[in-house]
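Listed here are the chains, written in short residue letters.
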Amino acid sequence: AQTVTQSQPEMSVQEAETVTLSCTYDTSENNYYLFWYKQPPSRQMILVIRQEAYKQQNATENRFSVNFQKAAKSFSLKISDSQLGDTAMYFCAFMKVGYGGSQGNLIFGKGTKLSVKP
Amino acid sequence: GAVVSQHPSRVICKSGTSVKIECRSLDFQATTMFWYRQFPKQSLMLMATSNEGSKATYEQGVEKDKFLINHASLTLSTLTVTSAHPEDSSFYICSARIFKTGYYGYTFGSGTRLTVV
């Protein structure tokens, strides 16, 4: 069974600075996707970034980037130039891709509460 | 694209009554939808997977007679909390798989905050 671990329950960062959220996972699968979702106070789940396991290049979306270390099963999220609107819960999630390309369920970590301070 | 609309956003009901939560895919067909429950400051807990035209698959420990799921069409899944009790008060979120060529992912509804009094 797959597990996702986020070891930082809470973090804070000053506006405009950079912060890194940690995520590790455990799986015996070789074909999978990893995601970071943001849940602001509105509680709407918003996709921040996704990484295909077969890609060596780290995904980047504007101020958000990941450090994907497949051998170490690590998938950290870096937020650059933090903004007040980045304040939210951040969830790391794993999804396996099965035989024939079937899409597995999302498996979430427990989340990291990020506070961006002015 | 790939928007899921969830209603109501908030509902307060009396203990013993039933509440229905709807989840609609607006611009795509969702053959599979997922229902999650989220307690304050916790992660999403998968309750069940609903497949269009067939019975839902419930996760271990989830009472299928209490949480009735219906997925009668490719765009609508409903979760009915029957004989609600205060301990059923929670935040419920639906999600659907996105199927696009070469793309894997999920989209989420905006959630329903259920308060049972």
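Preceding block: the structure.
Note that the structure is a prediction, hence the values are computed from the model and not measured.

Chemist: Could you give me a rundown of the state of the cysteines, with the residues and numbers involved?
Modeler: Under the counting rule described, the total for this entry stands at two disulfides over all chains. What pairs with A:Cys23 in a disulfide is A:Cys92, and their sulfur atoms sit 2.0 Å apart. An S-S torsion of about -70 degrees defines the bridge between A:Cys23 and A:Cys92 as left-handed. Of this pair, A:Cys23 sits in the loop between strand E3 (19-21) and strand E4 (24-26) while A:Cys92 sits in strand E10 (residues 88-96), and the two are 69 residues apart along the sequence. Pair check on accessibility: A:Cys23 and A:Cys92 agree, each one buried. One disulfide in the model links B:Cys23 with B:Cys94; its S-S distance is 1.6 Å.

Chemist: Would you mind going over the interface of chain A and chain B in detail, with residue names and values included?
Modeler: The interface is formed by 21 residues belonging to chain A together with 23 residues belonging to chain B. Both sides of the chain A and chain B interface together cover about 1,900 Å² of buried area, and 50% of this is carbon and sulfur. For chain A, the biggest contributors to the area lost against chain B are A:Arg43, A:Gln103 and A:Asn105; these three give 36% of the whole. Across the chain A-chain B interface, the total number found is zero salt bridges. At the boundary of chain A and chain B, one finds seven residue pairs in polar contact (both at pLDDT 80 or more). At the level of elements, strand E5 (32-39), strand E6 (46-52) and E10 of chain A are the ones that each hand at least two residues to the side of chain A that touches chain B. Among the elements that line the side of chain A that touches chain B, the one with the most residues is E5(A), at four residues. Considered class by class, the residues forming the side of chain A that touches chain B number 10 nonpolar, eight polar and three charged.

Chemist: Summarise unusual backbone geometry; cite the residues concerned and give the values.
Modeler: For the bond from B:His7 to B:Pro8, the omega torsion is -5 degrees, close enough to zero to count as cis. Turning to its location among the elements, B:Pro8 is positioned in the loop between strand E1 (4-7) and strand E2 (10-13). Phi at A:Arg43 is positive, roughly 75 degrees, even though this residue is not glycine. For A:Arg43, the position within the fold is in the loop between E5 and E6. Phi at A:Lys73 is positive, roughly 55 degrees, even though this residue is not glycine.

Chemist: Account for the pattern of salt bridges, naming residues and giving values.
Modeler: Applying the stated criterion to the full structure yields seven salt bridges over all chains. Taking the shortest distance from any N to any O, the salt bridge between B:Arg24 and B:Glu22 comes out at 3.6 Å.

Chemist: Quick one: what's the story with the side chain of B:Asp88, residue by residue and with numbers?
Modeler: Residue position: B:Asp88 is located in the loop between strand E8 (76-81) and strand E9 (90-100). Excluding its chain neighbours within four sequence positions, the residues that come into contact with B:Asp88 are B:Arg37, B:Lys66, B:Phe67, B:Val81, B:Ser83, B:Leu114 and B:Val116.

Chemist: A description of the nonpolar core should follow, citing residues and the corresponding values.
Modeler: In terms of nonpolar packing, the biggest core is built from 26 residues, with B:Trp35, B:Phe67, B:Leu79, B:Tyr92 and B:Leu114 touching the most fellow members. Contributing elements (two or more residues each) for this core: E2, strand E3 (19-25), strand E4 (32-38), strand E5 (44-51), strand E7 (67-73), E8, E9 and strand E11 (112-116) of chain B. It is E9(B) that contributes the most residues to this core, four residues altogether. For B:Tyr92, the contacting residues outside a window of four places in its chain are B:Gln6, B:Ile21, B:Tyr36, B:Arg37, B:Met47, B:Phe67, B:Leu79, B:Gly111, B:Thr112 and B:Leu114. In this structure, A:Val4, A:Val13, A:Trp36 and A:Val116 belong to the second largest nonpolar core, which totals 25 residues.

Chemist: Just give me the short version of the packing of aromatic side chains, but keep the residues and values in it.
Modeler: Taken as a whole, this structure holds 15 aromatic pairs over all chains when the rule is applied. With centroids separated by 5.9 Å and ring planes inclined at 35 degrees, the aromatic side chains of A:Phe35 and A:Tyr37 adopt a geometry described as tilted. With a relative accessible area of 1%, A:Tyr37 lands in the buried category. Taken together, a centroid distance of 5.2 Å and an interplanar angle of 80 degrees make the contact between A:Tyr37 and B:Phe108 edge-to-face. Pair noted here: A:Tyr37 is in strand E5 and B:Phe108 is in strand E10 (residues 103-108), and the two residues belong to different chains. The pair A:Tyr37 / B:Phe108 is uniform in exposure class, with both members buried. Of note, A:Arg43 hangs over the ring of B:Phe91, and the distance from its end group to the ring centre comes to 4.0 Å.

Conventions used here
- Residues numbered from 1 in each chain as written.
- Chains lettered and ligands numbered in written order.
- Predicted model: local features only at pLDDT ≥ 70, side-chain atom pairs only at ≥ 80, totals over all residues.
- Heavy atoms only, no water.
- Disulfide = S-S within 2.5 Å.
- Helix = DSSP H or I, 4+ residues; strand = E, 2+ residues; numbered from the N terminus.
- Buried < 20%, exposed > 50% of the residue type's maximum accessible area, 1.4 Å probe, protein only.
- Contact = heavy atoms within 4.5 Å.
- Buried area = accessible area lost by both parts, 1.4 Å probe.
- Salt bridge = Lys/Arg side-chain N within 4 Å of Asp/Glu carboxyl O.
- Polar contact = N/O pair within 3.5 Å; in protein donor to acceptor, adjacent residues only side chain to side chain.
- Nonpolar A, V, L, I, M, F, W, Y, C, P; charged D, E, K, R; others polar.
- Core = buried A, V, L, I, M, F, W, Y, C linked by side-chain atoms within 4.5 Å.
- Phe/Tyr/Trp six-rings, centres within 6.5 Å; stacked < 30°, edge-to-face > 60°.
- Lys NZ or Arg CZ within 6 Å of the ring centre and 35° of its normal.

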